Amino acid sequence: MPSRTGSSPQTPAGKDAEKKNPRKAQDVNVALRRAYDSAVDESIPQSMLDLLSKLN
């Protein structure tokens, strides 16, 4: 029988993983939220603003 590559059948993915280990899913959610919030709070560099103004 040929060997299969990819995730093992013992490793749940997606929503199944959240059901089996909600703490990990919560940690990932918190980390993603922090990354998103910090990206939103970053200022746009003046050089990028200058380039954007040239498009108008």
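The model shown is predicted, which means the values in this text are computed figures rather than measured ones.

A.B. asks: Lay out the overall build of the protein chain in plain terms, naming residues and giving numbers.
C.D. replies: Of the regular secondary structure elements, the protein chain holds three helices and zero strands. If you list the helices and strands of the protein chain from N to C, you get α-α-α. For the protein chain, the proportion of its 56 residues judged to be buried stands at 2%.

A.B. asks: How would you explain a nonpolar patch on the surface if you had to name every residue and give the values?
C.D. replies: A contiguous nonpolar surface patch, about 600 Å² in accessible area, is contributed by Ile44, Met48, Leu49, Leu51, Leu52 and Leu55. Considering the arrangement of structural elements, one finds leucine 51 in helix α3 (residues 46–55). Judged by relative accessible area, which is 52%, leucine 51 ranks as exposed.

A.B. asks: Could you give an account of the pattern of salt bridges, naming the residues involved and the relevant values?
C.D. replies: With the rule as written, the count across this model stands at one salt bridge. Its salt-bridge partner being aspartate 27, residue arginine 23 comes within 3.8 Å of it at the nearest N-O pair. Of this pair, arginine 23 and aspartate 27 both sit in helix α2 (residues 22–41), separated by four residues, roughly a single helical turn.

A.B. asks: Please provide a residue-by-residue account of the confidence of the model for the protein chain, values included.
C.D. replies: Looking at the protein chain, pLDDT values average 80 and 66% of them are 70 or higher. The secondary-structure element of the protein chain with the lowest mean pLDDT is helix α1 (residues 15–20), recorded at 63, while α3 shows the highest, at 94.

Basis of the calculations
Residues numbered from 1 in each chain as written. Predicted model: local features only at pLDDT ≥ 70, side-chain atom pairs only at ≥ 80, totals over all residues. Heavy atoms only, no water. Helix = DSSP H or I, 4+ residues; strand = E, 2+ residues; numbered from the N terminus. Buried < 20%, exposed > 50% of the residue type's maximum accessible area, 1.4 Å probe, protein only. Patch = residues over 30% accessible without salt bridge, like charges linked within 9 Å, V, L, I, M, F, W, Y side chains within 5 Å. Areas by Shrake-Rupley, 256 points an atom, 1.4 Å probe, with all protein chains shown as cover. Salt bridge = Lys/Arg side-chain N within 4 Å of Asp/Glu carboxyl O. pLDDT = per-residue confidence, 0-100.

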